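# Remarks on the overall topology
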Amino acid sequence: MKPTLFIIIPCYNEEQVLPVTSSMFLNKVKYLCETGKINNNSRILFVNDGSRDKTWNIIESLSEEDEHYIGISQSRNRGHQNAVLAGLMEAKDKCDITISIDCDGQDDIDAMDQMVDAYLDGCEVVYGVRSRRDTDTFFKRFTAEGFYKVLNWMGAEVVYNHADYRLISSKVLQEFANFKEVNIFLRGMIPLVGFKSTSVFYERKERMAGESHYPLKKMLVLAFDGITSLSVKPIRMITGLGIVIALLSFLGVIWAVIGQFTGHTVSGWASTVCIICFMGGIQLLCLGVIGEYIGKIYLETKARPRYIISERTWEKQGDKDNADEF
Ligand code: UDP
Ligand code: MG
């Protein structure tokens, strides 16, 4: 039987981009239906991430235009990762496969054909990997590639140059639903679920309209979140650093005692102050990293909902027939 595909698209303040890209997604779904790879119950699921502009209105009118468009709205802005998660969890019981993709047209939607083929060949997860970043500025490319290297070096295993463009089968999503953590970093968590996976390569294009929501600052936050959510290597590095510094200071003590006996009194006040300041700085840094983990534990123990869906296009008031559709 042909699988049902749900394309999950997070949208935050995308009123400029949505009218341009929505028809691309629809054409792709229709094309995949025509070629017999998926069935006609497939849908394009927009996740409005608490946008402040007309994004939700656009999604609502799209859903009236064509039955393939549906949408859910988060009760407030929770960030890209939570928006994708909300879409995946909403879709997991309604379809056989999901493909998550950004709504700005940067990721080549033609790679979806290969993704679905790979699924039909037995893969449960298919990662979309950027083969080139020629259209990104040098700075964006440099910081983005550094991001993956630092992540891997710090013990958060991610597929190099893969963001959140991927196919996941509902079988994997059912297992993934048991990962209850609230600090989520999808591209590091999905590989942990396992199952047969593969990658397809595509060229990253320029944003069709609007502006990126991932400047350097947000990317650093995402990297730090990714590392501390998936790995305890930074804490181990701190332990290692502590041992090295303790050894060095022990050698220093021996050196000072020998100096005392041989009559060389140390005259440096500045060097002492430097060392105290340096040590103070290292200690604060280490406390900060440990504090970050404690903060994460605090958030996890509260186990707050990871997303709250306030509206669904098929559950509008006075439109009860549609509510039964899913
Ligand atoms: N996005 C979101 N919530 C946010 C920020 C971004 O849902 O708080 C969505 C956004 O609408 C887009 C995707 O995440 O579909 C990727 O964002 P963007 O294109 O700005 O990032 P970049 O591609 O520049 O890294
Ligand atoms: Mg983008």
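Presented here is a report on the structure given in the accompanying data block. Counting restarts for each chain, with residues numbered from 1 along the sequence as it is written. To read the labels, note that chains go from A and ligands from 1, taken in the order they are written. Only residues with pLDDT of at least 70 are given local features in this predicted model, and only at 80 or more are side-chain atom pairs given and counted; all residues enter the totals for whole chains, interfaces and linings. The basis for every side-chain value is the complete set of non-hydrogen atoms in the structure, without hydrogens or water.

### Remarks on the packing of aromatic side chains
Any Phe, Tyr or Trp ring, taking Trp's six-membered ring, that has another such ring centre within 6.5 Å forms a pair; planes under 30 degrees apart are called stacked, those over 60 apart edge-to-face, and the others tilted. Here the structure, examined in full by the defined rule, presents five aromatic pairs. For the ring pair Tyr 148 and Tyr 160, a centre distance of 5.8 Å and an interplane angle of 70° mean the geometry is edge-to-face. Taken together, the residues span a long stretch of sequence, with Tyr 148 in helix H5 (residues 138–153) and Tyr 160 in the loop between H5 and strand S6 (162–169) at a distance of twelve residues. Summary of the burial criterion: residues with accessible area below 20% of their type's maximum are buried, those above 50% are exposed, and those between are partly exposed, where the area comes from a 1.4 Å probe applied to protein chains only. Look at Tyr 148 and you get buried, because its relative accessible area is 2%. Their ring planes at 75° and their centres at 5.2 Å tell us that Tyr 165 and Tyr 202 sit as a pair that is edge-to-face. Of this pair, Tyr 165 sits in strand S6 while Tyr 202 sits in strand S7 (residues 197–203), placing them 37 residues apart in sequence. Take Tyr 165: its relative accessible area is 1%, and that puts it in the buried class. Helix and strand assignments follow DSSP, with helices taken as H or I runs no shorter than four residues and strands as E runs no shorter than two, numbered in order from the N terminus.

### Examining the nonpolar core
A general tendency of soluble globular proteins is for nonpolar side chains to be buried together. In plain words, nonpolar cores are sets of buried Ala, Val, Leu, Ile, Met, Phe, Trp, Tyr and Cys residues tied together by side-chain atoms within 4.5 Å. Membership of the largest hydrophobic core comes to 36 residues, with the highest contact counts inside it found for Ile 9, Ile 44, Phe 46, Ile 99, Ile 101 and Tyr 165. Of all the secondary structure elements, the ones that give two or more residues to this core are strand S1 (5–11), helix H1 (18–34), strand S2 (43–48), helix H2 (55–65), strand S4 (97–100), helix H4 (111–120), S6 and S7. Per element, the largest residue contribution to this core is six residues, and it comes from H1. The residues touching Phe 46, leaving out its near neighbours within four places in the chain, are Ile 9, Cys 11, Leu 18, Ser 22, Ile 59, Leu 62, Tyr 69, Ile 70, Gly 71 and Ile 72. Core analysis: the second largest hydrophobic core is formed by 29 residues, Ile 8, Ala 83, Cys 95 and Val 129 among them. Contact criterion: two residues are considered in contact whenever any of their non-hydrogen atoms come within 4.5 Å of each other.

### So, the site of ligand 1
Being near a molecule or strand, for a residue, comes down to having at least one heavy atom within 4 Å of it. Taken together, 19 residues lie around ligand 1, and Glu 14, Asp 49, Asp 104, Ser 212 and His 213 are the ones closest in. Take Pro 10: an N or O atom from its main chain is 2.8 Å from an oxygen atom of ligand 1. Between N or O atoms, a polar contact is any pair within 3.5 Å; within protein, one atom must be a potential hydrogen donor and the other a potential acceptor, and residues adjacent in sequence are included only when both atoms are from side chains. Contact distances for ligand 1 include 2.9 Å between an oxygen atom and a backbone N or O atom of Tyr 12. We get accessible surface area from the Shrake-Rupley algorithm with a probe of 1.4 Å; when it comes to residues, only the shown protein chains can shield them. For ligand 1, whose unbound accessible area comes to 530 Å², protein coverage reaches 96%. Here ligand 1 is seated within the largest pocket. Elements with a contribution of two residues or more to the shell around ligand 1: S1 and helix H3 (80–91). Along the lines of polarity and charge, the residues of the shell around ligand 1 split into six nonpolar, six polar and seven charged. Method remark: on a 1 Å grid restricted to protein atoms, a set of points is classed as a cavity if a 1.4 Å probe fits but cannot get out and as a pocket if it is open with protein on both sides within 12 Å along at least five of seven lines; lining residues have an atom within 4 Å of a point. What decides whether a molecule sits in a cavity or pocket is whether more than half of its atoms lie within 2 Å of the grid points. Following the grouping adopted for this structure description, the nonpolar residues are Ala, Val, Leu, Ile, Met, Phe, Trp, Tyr, Cys and Pro, the charged ones are Asp, Glu, Lys and Arg, and the polar ones are all others, Gly among them.

### Re the pairing of strand S3 (residues 69–74)
Burial within S3 is extensive, with six of its six residues counted as buried. The alternating pattern of S3 places Tyr 69, Gly 71 and Ser 73 and Ile 70, Ile 72 and Gln 74 on opposite faces, both of which are buried. Between any two strands, at least two bridges found by DSSP are needed for them to pair. Across five bridges, S2 lies against S3 in parallel orientation. Note that in S3 the partner of Phe 46 across the bridge is Gly 71. When the strands point away from the viewer, a crossover counts as right-handed if the path from the first strand over the helix to the second runs clockwise. Taken together, S2, H2 and S3 form a β-α-β motif whose crossover is right-handed. Examined bridge by bridge, S3 and strand S8 (residues 309–312) share three bridges and lie antiparallel to one another.

### Describing the coordination of the magnesium ion (ligand 2)
For a metal bound by four donors in a tetrahedral arrangement, the ideal donor-metal-donor angle is 109.5 degrees, while six donors in an octahedral arrangement ideally sit at 90 or 180 degrees. Atoms of type N, O and S within 2.8 Å of a metal are treated as its donors, and for Na, K and Ca the window is 3.2 Å; water is not considered, so some sites may appear to be missing partners. Protein coordination of the magnesium ion (ligand 2) is provided by Asp 104 (OD) and Gln 106 (OE1), with donor distances spanning 1.9 to 2.0 Å. Residue class for Asp 104 comes out buried when judged on its relative accessible area of 3%. The class of Gln 106 is buried, set by a relative accessible area of 10%.

### A look at the layout of surface pockets
Grid points are joined across faces, edges and corners, and a volume is the space filled by probe spheres set on the points. Taken as a whole, the largest pocket holds about 1000 Å³ of empty space. Lining of the largest pocket is provided by 45 residues; of these, His 80, His 213, Tyr 214, Lys 218 and Leu 222 occupy positions nearest its centre. Those elements that provide at least two residues to the lining of the largest pocket are S1, H3, H5, S6 and helix H8 (216–230). At six residues, H8 tops the list of elements feeding residues into the lining of the largest pocket. When the residues that make up the lining of the largest pocket are grouped by side-chain class, the tally is 14 nonpolar, twelve polar and 19 charged. By volume, the second largest pocket amounts to about 400 Å³. Around the second largest pocket, the lining comprises 15 residues; the ones closest to its centre are Ser 249, Gly 252, Ser 271, Thr 272 and Ile 275.

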